[in-house]
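What follows is the residue order along each chain.
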Amino acid sequence: MHTVVISGGTATNHILDAFATSSSINNTTTYILPVSDNGGSSAEILRVFGGSAIGDIRSRLVRLIPELESDTLGMRELLGHRLPSDAESASMEWHRLVQGSHELWVPIDPAIVTMARSFLVHIDMEMNKRSRLRFRLERACVGNLFLTGARMFMGGDTDGSVELLRRICRIRVSVQVHGCINTTSTYHIAAILRNGEIIRGQSQISHPAVAVEVDENCDLHHDNDSDNDHGDVHPSLRTSQLHFNHGSDINDELPSPITRVMYISPYGEEIHPRASAKTLSALQCADVVVYSIGSLWTSIVPVLLLKGVGDVLIKEAQPNVSRRPLKLLLLNGASDRETRGMTPMDYVGVIRDAVAYSAGAERLSLRSVVDAVAVAGTETETNDQYIDNGDLDLAALRREGIRVLFSGDHDHDDGSGSGLF
């Protein structure tokens, strides 16, 4: 059985064990993640080097590294390590890592140290080549810098750098991780709100923050000598998100609900990129497609919008196609900034609209993109969690032929039981 899991971010990282039990020689799991996150330390990499955002990919890979052997555990510690938050300490620690004198290298096999260090040396050299842009090392994630160095060494091949890390860290062959786009360009997303406002950038949509002081001598514009898109960029995408601290007081709700998410060029114009070949291949041979927990609008939808994804999902939803995968939505346990006020029926509608956009289809049924909605807990608990959203409206889902599965209440599992959690 081949399971394809669509979702990025940290939420799905917490339930990887649920998918790991089905990953073996004859049972494989493929994780497809978005590449549009422009926040945190990824922001500096995008600003200076361009290419796909790899923060979510790195986070998923690190979580999948086995802990059975000391050297793989050492790689897990290394790739998940963040440099200090002050510039001087970050610079000193980075140079110790590049030189090979840092204590994080100690438990790792010397041959792997030599290989891994070569890519840190390469990205360090690239930083020096772009010294005018002054890459900010504070809070930088070593794993992100490793993947970026490997990608640039391989001529911009993100898939190749991911496969390299997967093999070095001995992640099981039955588990694959793909970015939804394999490109040397930088892709951003924007959200159109009901009130007509447009918010550009994933970080600005999902977790806006309070600005902190920025070094005025730091050039925040893209360098024409970098791998990034040439020319100027839209003002709202120009500032590095590294120089922001999350502010909980403004993360509670958007000015207005989201009506649509789209990909945009660095200049703010709508574009429609194509999914990577590995993404489409994984979906074509999937037995189960899981829209996993996490951010609906900024984690799942950006994958579904891509050219080719909709065609694959719609084709395999036709009655005359022998291979028809189960399409399962894992419902979030509570609303977040992006989904406040939405019911599970609304979630399914958003997925349907994204797939329709991808395929250029005017009308699609909800059942063609979601077979079942799975909820952790009982129906009573879920109703309580969604009290702020009004009626859970499970009857509406069932009228569309969509099964509703509860992990904690088999009496309400439409007679099928869940067996999913």
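Look up a bit, the structure's there.
Residues numbered from 1 in each chain as written. Predicted model: local features only at pLDDT ≥ 70, side-chain atom pairs only at ≥ 80, totals over all residues. Heavy atoms only, no water.

**Some remarks on the environment of Val290**
- By the element assignment, Val290 lies in strand S10 (residues 288-291).
- On the accessibility criterion, Val290 (4% relative accessible area) is buried.
- Counting along the chain gives 83 residues from Val290 to Val373, while the straight-line C-alpha distance between them is 9.9 Å.
- Setting aside chain neighbours within four positions, we find Val290 in contact with Thr3, Val4, Val5, Ile6, Phe19, Leu328 and Leu330. (Helix = DSSP H or I, 4+ residues; strand = E, 2+ residues; numbered from the N terminus. Buried < 20%, exposed > 50% of the residue type's maximum accessible area, 1.4 Å probe, protein only. Contact = heavy atoms within 4.5 Å.)

**Points about the pairing of S10**
- Side chains Val288 and Val290 of S10 all project onto a buried face; the interleaved residues Val289 and Tyr291 project onto the opposite face, where all are buried too.
- By the bridge criterion, four bridges tie S10 to strand S11 (residues 326-330) in an arrangement that is parallel. Across the sheet, the residue bridging to Tyr291 is Leu329, located in S11. (Pairing = 2+ DSSP bridges.)

**Focus on the packing of helix H3 (residues 55-64) against helix H7 (residues 142-153)**
- Interhelical geometry of H3 versus H7 gives an angle of 110 degrees and a closest axis separation of 9 Å. Judged on the interaxial angle alone, H7 and H3 are roughly perpendicular. Judged by the twist between their axes, the crossing of H3 over H7 is right-handed. Residues Gly55, Arg58 and Leu61 of H3 touch H7, and the partners they reach there are Gly143, Asn144 and Leu147. (Axes fitted to C-alpha atoms, helices over the stretch in contact; angles between N-to-C directions. Parallel < 35°, antiparallel > 145°, perpendicular 65-115°, else oblique. Left-handed = near helix turned anticlockwise from the far one by under 90°.)

**Considering the environment of Ile15**
- Along the chain, Ile15 falls in the loop between strand S1 (2-6) and helix H1 (16-20).
- In this structure Ile15 touches Ser292, Ile293 and Leu330, once residues within four positions along its chain are discounted.

**Structural notes on helix H12 (residues 296-304)**
- Among the nine residues in H12, nine count as buried, and that is most of the element.
- Every buried residue of H12 is listed here: Leu296, Trp297, Thr298, Ser299, Ile300, Val301, Pro302, Val303 and Leu304.

**Some points on the sheet that holds strand S5 (residues 198-200)**
- Spatial strand order, S5-S4-S8-S9: four strands in an open sheet with antiparallel pairing. With partners counted over all chains shown, the strands left at the sheet margins are S5 and strand S9 (270-271), one partner each.
- In this structure, strand S8 (residues 258-264) lies alongside S9, joined through two bridges in antiparallel fashion. By the bridge assignment for S9, Tyr263 is matched with Ile271.
- Against the sheet, H12 contacts strand S4 (188-193) and S8, and its axis sits at roughly 55 degrees relative to S8.

**Structural notes on the packing of aromatic side chains**
- Evaluation of the coordinates by the stated rule reveals five aromatic pairs.
- On the basis of an interplanar angle of 80 degrees and a centroid distance of 6.2 Å, the ring pair of Phe19 and Tyr31 is categorised as edge-to-face. Here Tyr31 lies in strand S2 (residues 28-33) and Phe19 lies in helix H1, a separation of twelve residues in the sequence.
- Using a relative accessible area of 1% as the deciding quantity, one classes Tyr31 as buried.
- Three or more aromatic residues joined by ring pairs make a cluster, and in this case those are Phe119, Phe146 and Phe153. (Phe/Tyr/Trp six-rings, centres within 6.5 Å; stacked < 30°, edge-to-face > 60°.)

**Some words on the sheet that holds strand S13 (residues 403-406)**
- The strand order across the open sheet built from seven strands is S3-S2-S1-S10-S11-S12-S13, with neighbouring strands paired in parallel fashion. For this open sheet the edge positions go to strand S3 (175-179) and S13, each flanked by a neighbour on one side alone. Across the sheet, the axes of successive neighbouring strands diverge by a mean angle of 20 degrees, strand direction being ignored.
- Relative to S10, S1 is paired through four bridges, and the arrangement is parallel. Bridge pairing in S10 links Val5 to Val290.

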